[in-house]
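# Coordinates in review
Here is what each chain is made of, one letter per residue.
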Amino acid sequence: MVDKIIIEDLSLQYSDGTESLRDVSLTVPEKAVTVLFGPAGGGKSTLLRCLNRLNDLTEVKASSGRILIDGQNILDPDIDVIALRRKVGMVFARPVVLPMSIRENLTYGLELAGEKRRSKLDEAVERSLKLAALWEEVDDRLEDPAIALSGGQQQRLCLARSLALQPEIILLDEPTSGLDPISTGKVEAALVELKKEFTIILVPHSVQQAARTADYAAFFLQGELVEYSEGKTLFTAPKEKRTEDYITGRFG
Amino acid sequence: MRRAFSLNRHLAQRLGFTFITLMAIATVLPIVATVIYILVKGAPAISLEFLTGFPHDGMRAGGILPAIIGTLYLTIGTAIFSVPLGIAAAIYLSEYAADTPLTRTIRIAIINLAGIPSVVYGLFGLGLFVLFLNFGTSILAASLTLSIMTLPVIISTAEESLRAVPQAFRTVSISLGGTRWQTIRRIVLKEALPGILTGVILGLERAAGETAPILFTGAAFFLPRLPGSPFDATMALPYHLFVISTQVPEMPIQIQYGTALVLLVFVLTMNLIATVIRSRARARRQW
């Protein structure tokens, strides 16, 4: 098992004092689903947004520690952030399709990267839609506005949009929180396929989803990593009392 | 007792509604009345010769072509200076500037700029463009003066339109490896464009109808020919209207109203274009 991401003593505090991380250390294995779960405000989203440096857009008061992806410290201010974001794709809680056609949503990132060849773009559209299990539903209407899709389809389009850039890591921040059970099932099924190729970090919207999807699971509470182990172990025999209380529904 | 009370309440409600409706009608009435009055009084003056001919007999006869062309030139000149500058300033304020004392000062300055009387802009233009920069009484000096007056309108409407574009689009674009500028150019500006255009047109429309700022900076009482370069003075519809209404004795009233009608149509057409752009964009908007 190769460690794709190594997080060392990561601490972070936002300027408005809302969410924070305290001394989080974690290794994320490649080609598996690692789940970050816990009650709201625990720092899961913050950690995700560190991994593609999206926190650069937010006012951060203080941060320390290192995040190594393939051995490179991505918190180093001198790294190529654009290249990092192409390598680390992200899907947000609310599906945000860009105000353009389905095809344009998928080719947007590639075009920003300078890809102009029609054949390459078409190839990426088909490949990413198939990976996100959306191809069969939209292949005859790629030029339609993306907003015309249903919520579940929009979220899979967002997933496909990240995949079109051929990332190595995919971050999913409660990707199914607004979806019905059938759409949620489709997204989860897509993840099972995707982990053969990609390193996936998922913030699930429920403990049940965490238990269903996790190869590895990390339990966060108020900015602290409480427990981290293989999913099977963590959800059946947690070591920490706080973890057990949370997964058995005693708080949260 | 109870019944009477509820009747009273109904009556009060009815009266209230009637009052508000009347007030709403009252606000529209003067505008409609003005337009109809000018239309009725001015329409008989409109002819091909009036629109395409030069004034003669001390402007008491003939057409108003030089004034129409002049206003067109001034509007275009104003657009050339104020549109790029205004949009650039709006992009800076909305997309790049942090909330610092400097940007707050800029914002306050813009708001105050909008409140300055237009004749003050005229005097400022006279001092800066006509005299100090030695542009003379010219289309250039007048356009620059009108631009300064128009800028606050363009900046504030453009900034508002840019800010209305959902933040989530920016986040998504950045997360897909977009730079800030790529995000602005491909998404934010594209989505804000109808709103920006509306502001631009409304700003230019005001510039087209203003008299005071061009009075000292570029407007001519009478010119026997069309202006040949940006350094020439020009006739313009609003100033021409002022001249023929107050400065020329025995002026046929018809020509005055005809000129007013042409100016009104010019400005209302721009307004209509802005309205069409806005409503079409609203129908097409995907957020």
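Residues numbered from 1 in each chain as written. Chains lettered and ligands numbered in written order. Predicted model: local features only at pLDDT ≥ 70, side-chain atom pairs only at ≥ 80, totals over all residues.

## Points about the overall build of chain B
Helix and strand counts for chain B stand at 11 helices and 2 strands. Its helices and strands in sequence order give chain B the pattern α-α-β-β-α-α-α-α-α-α-α-α-α, from N to C terminus. A compact globule built from 287 residues should have a C-alpha radius of gyration of about 19 Å, whereas chain B, at 24 Å, is more than 25% larger. Dimensions along the principal axes, computed over C-alpha positions, put chain B at roughly 70 × 70 × 35 Å. The buried share among the 287 residues of chain B stands at 40%. Partitioning the contacts of chain B with sequence separation of at least 6, the portion at a separation of at least 24 is 76%. (Helix = DSSP H or I, 4+ residues; strand = E, 2+ residues; numbered from the N terminus. Rg over C-alpha atoms; globule rule 2.2 N^0.38 Å. Buried ≥ 20, exposed ≤ 12 C-beta atoms within 10 Å, placed from the backbone. Contact = placed C-beta atoms within 7 Å.)

## Some remarks on the interface of chain A and chain B
Residue-level contacts link 18 residues of chain A with 15 residues of chain B. Broken down by secondary-structure element, the contributors of at least two residues to the side of chain A that touches chain B are α2 (81-87) and α3 (102-112) of chain A. In terms of residue class, the side of chain A that touches chain B is made up of 13 nonpolar, 2 polar and 3 charged. (Nonpolar A, V, L, I, M, F, W, Y, C, P; charged D, E, K, R; others polar.)

## Description of the nonpolar core
Grouped together as the largest cluster of nonpolar side chains are 142 residues, with contacts concentrated most on A160, L171, I200 and A217 of chain A. With 14 residues, helix α6 (residues 139-164) of chain B is the single largest residue contributor to this core. (Core = buried A, V, L, I, M, F, W, Y, C linked by C-beta atoms within 7 Å.)

## Comments concerning the sheet that holds strand β2 (residues 20-29) of chain A
Remark on secondary structure: sheet strands pair via backbone hydrogen bonds, oriented parallel or antiparallel. Residues and elements named next belong to chain A. With respect to topology, 4 strands assemble into an open sheet ordered β2-β1-β4-β5, the strand pairing being antiparallel. Of all strands in the sheet, those with a lone pairing partner are β2 and β5 (72-73), marking the two edges. Both strand β1 (residues 3-14) and strand β4 (residues 60-69) contribute to a ladder of 8 bridges, which runs antiparallel. Its bridge partner being in β4, I7 is matched across the sheet by I67. Helix-sheet contacts for helix α1 (residues 44-51) involve β1, β2 and β4, and the interaxial angle to β1 is about 120°. (Pairing = 2+ DSSP bridges. Axes fitted to C-alpha atoms, helices over the stretch in contact; angles between N-to-C directions.)

## As for the confidence of the model for chain A
When pLDDT is averaged across chain A, the result is 92; 100% of the residues are at 70 or more. Confidence, read as mean pLDDT per element, is least for β4 of chain A in chain A (88) and greatest for strand β8 (residues 199-203) of chain A (96). (pLDDT = per-residue confidence, 0-100.)

## Structural notes on the environment of G136 of chain B
All names here are of chain B. Along the chain, the position of G136 falls in the loop between α5 (118-132) and α6. Look at G136 and you get partly exposed, because 15 C-beta atoms sit within 10 Å. When the C-alpha atoms of G136 and A45 are compared, they prove to be 34 Å apart, with 91 residues separating the residues in sequence. Not counting the four nearest positions on each side in its chain, G136 is found in contact with V130, A141 and F231.

## A look at the pairing of strand β10 (residues 224-230) of chain A
Residues and elements named next belong to chain A. In this structure, strand β9 (residues 216-221) lies alongside β10, joined through 6 bridges in antiparallel fashion. If you follow A218 over to β10, its bridge partner there is Y228. Linking β9 back to β10 in an antiparallel pair, the connection comprises 2 residues, with Q222 at a positive phi of about 45°.

## Quick look at helix α8 (residues 180-209) of chain B
Helix length check: α8 of chain B, at 30 residues, gives a terminal C-alpha distance of 38 Å against a target of 44 Å (1.5 Å per residue), a shortfall beyond 12%. L193 of chain B marks the point of greatest bend in α8 of chain B, at about 55°, and the proline P194 of chain B comes within the next four residues. (Expected span 1.5 Å × (residues − 1). Bend = angle between axes of the 7 residues up to and from the residue.)

## What about unusual backbone geometry?
Of all residues except glycine, most have a negative phi; of all peptide bonds, most are trans. One non-glycine residue, E174 of chain A, lies in positive phi territory at about 45°. The topology assignment puts E174 of chain A in the loop between β7 (169-173) and α7 (181-194). Even without being a glycine, D57 of chain B presents a positive backbone phi close to 55°. In this structure, D57 of chain B sits in the loop between β1 (55-56) and β2 (61-62). A tally of 8 C-beta atoms within 10 Å means that D57 of chain B is categorised as exposed.

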